[in-house]
Amino acid sequence: MIPYDKRSGKIWYNGDLVDWSDVKLHVLSHGLHYASCVFEGERVYDGSIFKLEEHTSRLFYSAKRMGFEIPYTEAEINSASKKIIATQKVENGYVRPVAWRGSEMMAISAQQTKIHVAIATWEWGSYFDPKLKVEGIKLNVSKWRRPAPDTIPWDTKASGLYMICTLSKHEAEKQGYTDSLMLDYEGNVAEATGANIFFKDKNGELHTPIPDSFLDGITRRTVIEIAISKNIKVHERKINPNELSNFVGCFLTGTAAEVTPVSCIAQNQYKVCDMIINLNESYQNLVKKKKAA
Ligand SMILES: Cc1ncc(COP(=O)(O)O)c(C=O)c1O
C-alpha cells in the first residue's frame, strides 16, 4: 500500500491546488503538538459527496468549539471539496478536510496562530474487510471510556478525541477483534471507535444510545430516518452494558463504516438478520441516489 504522503495528484491547501508531495506542515505546528486540529470524513459516491454541506457545517462547528475560525466561508469549502474530487477524478472514495493551528506560537496559548486548511481525497472502498461487512464484525469492550461532556468538546471531530479511539482499536485488534465498543463516562454503551451503534431487540425494534457525550453521526441520523420510514421503532435511550445479552442484532453506522453488522460484542452473539441487511441496502440506495428498496 502506498503511504498517504507518497501519493500523486493534488491536495487543496490554503486555497491552492498543490502537488500532493509538496503539502507539508512544519514539525513545530500547534495542531500537531497540542491537538488544535479538527477534521471531517466524507464519502464520494458516483462522483458526488454525500451530505457535503452537513459535513462542512460540522467542520466549522468543530473549529468554533475549538476556539478558532476557519478563514474561508462554508460555500468556499464546499466548492473547494467539489473541485478537488474533480481534479483527482475520484468516483467512489473518501474526502478528508482538515483545519489546524500553525506555527506562529508554540505553547499552550495559541491566539495568534494562522489557521491552515487542507482537503485531500482518494479512491476508497470498504472501511472494514468486505467479507466482515457481510458476516459482521467482532467488538471487544474497551477499557477506555468516552470523556464526560464537561471535559472536552465532545460533539466535534477534534483530533484530540481520537487518542483513546486509536488506543482502543489497537487493543481490540491485538485481542483478535475488529473494533471496540466504548462506554461513556457513566458506564453506559456509547459507540465504537469511529462509528455509532444500534441494537435490535426480540420485537424487531431498534435501540441506540443518546449522543450526549459523543458524536451524533450524520449516518446515525440518516439511518434513523430510513428506519422510521420503514415503520421500525427507534428508541434513543441510555443503554446499560448488562442489556447487551438481551439484543438479537447489532450494527454500526458511520461515513466510513456505512451500515456494518456486528456479529458479537465480547461473549454476546448477534445475527446478521434481514432487517439489518435491508437497512444497509436502503442506505446504499440513498447514498447512490437509487430508488429506495
Ligand atoms: C467517533 C465517531 N463516532 C461516530 C462517527 C460517525 O459519524 P458520521 O456518521 O457523521 O460519519 C464517526 C465518524 O465520523 C466517528 O469518528
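Residue indices follow the written sequence of each chain, beginning from 1 at its first position. Reporting in this predicted model follows two pLDDT cut-offs: at least 70 for local features of residues, and 80 or more for side-chain atom pairs to be given and counted; totals over whole chains, interfaces and linings ignore these cut-offs and use all residues. Side-chain measures were taken over the full set of non-hydrogen atoms in the model, leaving aside hydrogen atoms and water.

1. Thoughts on the nonpolar core
- Among the nonpolar cores identified, the biggest contains 22 residues, and W12, V38, I70, A99 and I119 are the most heavily contacted of them.
- The secondary structure listing takes helices from DSSP runs of H or I that are at least 4 residues long and strands from runs of E that are at least 2 residues long, numbered from the N terminus. Within the residue set of this core, elements represented by two or more residues are α2 (52-65), α3 (74-87), β6 (93-101) and β7 (115-123).
- In this description, contact between two residues means that some pair of their heavy atoms is separated by no more than 4.5 Å. W12 has contacts with L17, Y72, I77, A80, I84, V117, A118 and I119, leaving out every residue within four places of it along the chain.
- Counting residues in hydrophobic clusters, the runner-up holds 19 residues, among them F128, L183, L244 and Y270. In plain words, nonpolar cores are sets of buried Ala, Val, Leu, Ile, Met, Phe, Trp, Tyr and Cys residues tied together by side-chain atoms within 4.5 Å. Working definition: with a 1.4 Å probe on protein chains only, accessible area under 20% of the residue-type maximum means buried, over 50% means exposed, and in between means partly exposed.

2. Some details on unusual backbone geometry
- Residues other than glycine seldom take positive phi values, yet N231 does so here, at roughly 60 degrees.
- Within the fold, N231 resides in the loop between α6 (218-229) and β13 (234-236).
- Owing to a relative accessible area of 73%, N231 belongs among the exposed residues under this scheme.
- In this structure, E258 is a non-glycine residue whose phi angle is positive, near 55 degrees.
- Residue classification places E258 among the buried residues on the basis of a relative accessible area of 7%.

3. Description of α3
- End to end, α3 covers 20 Å across 14 residues, agreeing with the expected 20 Å (1.5 Å per residue, within 8%).
- Within α3, burial applies to I77, N78, A80, S81, I84 and I85. Buried positions in α3, seen along its axis, are confined to an arc of 165 degrees and lie on one side of it. What points out from α3, more than 90 degrees from its buried face, is the exposed set A75 and A86.
- The first or second residue beyond α3 is K89, which carries a positive phi of 55 degrees. Helix span is expected to be 1.5 Å times the residue number reduced by one. The arc refers to the directions leading from the helix axis to the C-beta atoms.

4. Examining the side chain of S263
- Of note, S263 is situated in strand β15 (residues 258-265).
- In this structure S263 comes out as buried when scored by relative accessible area, which is 11%.

5. Some details on the packing of aromatic side chains
- Think of it this way: a Phe, Tyr or Trp ring, Trp meaning its six-membered ring, pairs with another when their centres are within 6.5 Å, and the plane angle makes it stacked under 30 degrees, edge-to-face over 60, tilted otherwise. Across all of its chains, the model carries 13 aromatic pairs by this definition.
- Here W12 and Y72 contribute two aromatic rings whose centre-to-centre distance is 5.2 Å and whose plane-to-plane angle is 65 degrees, an arrangement assigned as edge-to-face. Of this pair, W12 sits in strand β1 (residues 10-13) while Y72 sits in the loop between α2 and α3, and the two are 60 residues apart along the sequence.
- Centre to centre, the rings of Y94 and W122 are 5.5 Å apart; their planes meet at 45 degrees, and the pair counts as tilted. Separated by 28 residues along the polypeptide, Y94 in strand β6 and W122 in strand β7 bring together distant segments of the chain. Neither residue differs from the other here; Y94 and W122 are each classed as buried.
- One aromatic cluster is present, built from ring pairs that chain together Y4, Y94, W122, W124, Y127 and F128.
- Here the guanidinium or amino end of R7 rests over the ring plane of Y4, the centre of that ring lying 3.9 Å away. Both a distance and an angle decide whether a charge sits over a ring: NZ of Lys or CZ of Arg must be within 6 Å of the ring centre and within 35 degrees of the ring normal.

6. Details of the domain arrangement of the protein
- Delimitation of the domains relies on an automatic or database domain assignment. You can read the domains of the protein as domain 1 (4-123) and domain 2 (130-287).
- Centre-to-centre separation of domain 1 and domain 2, based on C-alpha positions: 26 Å.
- Contact residues are listed per partner, giving 18 residues for domain 1 and 23 residues for domain 2.
- A buried area of about 1,800 Å², summed over both sides, lies between domain 1 and domain 2, and 57% of it is on carbon and sulfur atoms.
- Any Lys or Arg side-chain nitrogen found within 4 Å of a carboxyl oxygen on Asp or Glu counts as a salt bridge. At the boundary of domain 1 and domain 2, one finds three salt bridges.
- What qualifies as a polar contact is a pair of N or O atoms within 3.5 Å, subject to a donor-acceptor requirement within protein and to the restriction that residues adjacent in sequence count only when both atoms come from side chains. Counting across the interface, domain 1 meets domain 2 through ten residue pairs in polar contact (both at pLDDT 80 or more).
- Counting only elements with at least two residues in the side of domain 1 that touches domain 2, the list comes to β3 (37-39), β4 (42-45) and α2.
- With six residues, α2 is the largest single contributor of residues to the side of domain 1 that touches domain 2.
- For this classification, the nonpolar set comprises Ala, Val, Leu, Ile, Met, Phe, Trp, Tyr, Cys and Pro, the charged set comprises Asp, Glu, Lys and Arg, and every other residue, Gly included, is treated as polar. When the residues that make up the side of domain 1 that touches domain 2 are grouped by side-chain class, the tally is eight nonpolar, three polar and seven charged. When two components associate, each loses some accessible surface as probed by a 1.4 Å sphere; the sum of these losses over both components is called the buried area.

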